[in-house]
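A look at the structure
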Amino acid sequence: MKPLDIERILRDDPEITPSPDFSGRVMRTVHRDIELRGGLEFPWARLVTGLAICTVLTIVGVVISVMRGDPAPAVLEHLARTARQPAITTALVWVPTSLAGAYLMVWWSMRAAGLRR
Amino acid sequence: MERGGQDPDRDDVRRVLAGDPDAFAGIVRRWQGPLVNLAYRFCRNRAQAEEMAQEAFLRVFRFLSQWKDDAKFSTWLFAVATNVYRSQMRRIRPPEVPLEEDREIRAPGNPEAVIEAEDLAEVVRRAVAALPPKYRDALILFYFQKMDVRETARTLGVPEGTVKARLHRGRAMLEQRIERVASFRPQTEAT
């Protein structure tokens, strides 16, 4: 069999037509999925990309500022002074820990209730 | 797919993302033929092709927000569907083709050879579906779906050179396999 015959056979493969109720079945599956999952997938990839870009831009800005010897803005000095206070230092540890704990509890509860797969 | 300066896919995607899931029906109606046919090239079974296409549409719906507005919707759609079909083909056995299905492949200038040609054509198509996945995917998109090299490369997420190499190697493997089959079918050479 010649290569051209093979190419002709591949290109001439007849089309098939979906069943008349195919689109209806798909939409029923979609609606069932919405009920089970509670809507569309959260766009985590876009969120992470956006956060990464913001972080990189912030770091680049700070580095350029330091290299040029710019004086630190008043707001940064104020933030640095505030962050060094003991109460704030403690809060910086416990608040994220509490939030993470709360998130885990909600996630586990939803999973146990069968709201997430 | 653009009509009259508007893009119905883009409009439907925006409506779905704005909270109207029924707008997805428009996407299903427009793309059910291509997606079911693409699935059929992988599995060579009509019922299974519809199941695979249904799963692909569901995946498309779930990840609709990941479609980048500046990219061609059809390329993204085929990329998602190809990924779904590839993973489903890993779970199921190689395709079997019932020969009683309504196909009509005619041998040029020889009507008596219709059955023989139909049989041989099906052997070739089945052989494509049984190739290693990276060659099979390239051949299916390029030949069956009639994409060019550029579109095939974008759909598979590989460089154009890689697609050309896979097409070349895939065709060579296909020829070898067909030769092997033909050597066990002396009646084929008689036509």
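Residues numbered from 1 in each chain as written. Chains lettered and ligands numbered in written order. Predicted model: local features only at pLDDT ≥ 70, side-chain atom pairs only at ≥ 80, totals over all residues. Heavy atoms only, no water.

Residue and element names in this part refer to chain B. For the structure on display, the rule yields 8 aromatic pairs over all chains. With centroids separated by 6.3 Å and ring planes inclined at 85°, the aromatic side chains of Phe24 and Phe57 adopt a geometry described as edge-to-face. Taken together, the residues span a long stretch of sequence, with Phe24 in helix 2 (residues 24–43) and Phe57 in helix 3 (residues 46–62) at a distance of 33 residues. Both residues of the pair, Phe24 and Phe57, belong to the buried class. (Phe/Tyr/Trp six-rings, centres within 6.5 Å; stacked < 30°, edge-to-face > 60°. Helix = DSSP H or I, 4+ residues; strand = E, 2+ residues; numbered from the N terminus. Buried < 20%, exposed > 50% of the residue type's maximum accessible area, 1.4 Å probe, protein only.)

Take the interface of chain A and chain B next. Every contact between the two is made by 31 residues of chain A and, on the other side, 44 residues of chain B. Summing both partners gives a buried area of about 3700 Å² for chain A against chain B, and 62% of it is carried by carbon and sulfur. At the boundary of chain A with chain B, the tally comes to 7 salt bridges. With a closest N to O distance of 2.8 Å, Arg62(B) and Asp33(A) form a salt bridge. Between the two partners, chain A and chain B, sit 16 residue pairs in polar contact (both at pLDDT 80 or more). Within the residue set of the side of chain A that touches chain B, elements represented by two or more residues are helix 1 (3–11) and helix 2 (22–37) of chain A. At 11 residues, helix 2 of chain A tops the list of elements feeding residues into the side of chain A that touches chain B. Considering only residue class, the side of chain A that touches chain B consists of 15 nonpolar, 5 polar and 11 charged. (Contact = heavy atoms within 4.5 Å. Buried area = accessible area lost by both parts, 1.4 Å probe. Salt bridge = Lys/Arg side-chain N within 4 Å of Asp/Glu carboxyl O. Polar contact = N/O pair within 3.5 Å; in protein donor to acceptor, adjacent residues only side chain to side chain. Nonpolar A, V, L, I, M, F, W, Y, C, P; charged D, E, K, R; others polar.)

So, about the side chain of Arg136(B). Tracing the backbone through its elements, the reader meets Arg136(B) in helix 6 (residues 133–144). Excluding residues that lie within four positions of it along the chain, Arg136(B) makes contacts with Phe42(B), Arg86(B), Met89(B), Val128(B), Ala129(B) and Leu131(B).

Right, let's talk about the nonpolar core for a bit. One finds Phe24(B), Leu35(B), Phe73(B), Tyr85(B) and Leu174(B) to be the most contacted residues of the largest nonpolar core, which totals 66 residues. No other element matches the 12 residues that helix 2 of chain B contributes to this core. Once you skip the residues sitting within four places of it in the chain, Leu174(B) turns out to touch Ile6(A), Leu10(A), Val124(B), Ala127(B), Val128(B) and Leu131(B). (Core = buried A, V, L, I, M, F, W, Y, C linked by side-chain atoms within 4.5 Å.)

The next thing to look at is unusual backbone geometry. Residue and element names in this part refer to chain B. Positive phi, close to 55°, is recorded for Arg44, a residue that is not glycine. Position of Arg44 among the secondary structure elements: in the loop between helix 2 and helix 3. The class for Arg44 is buried, based on a relative accessible area of 0%. In this structure, Lys146 is a non-glycine residue whose phi angle is positive, near 55°. Following the sequence through the fold, Lys146 ends up in the loop between helix 6 and helix 7 (149–156).

Shape is all these values report; function is a separate question.
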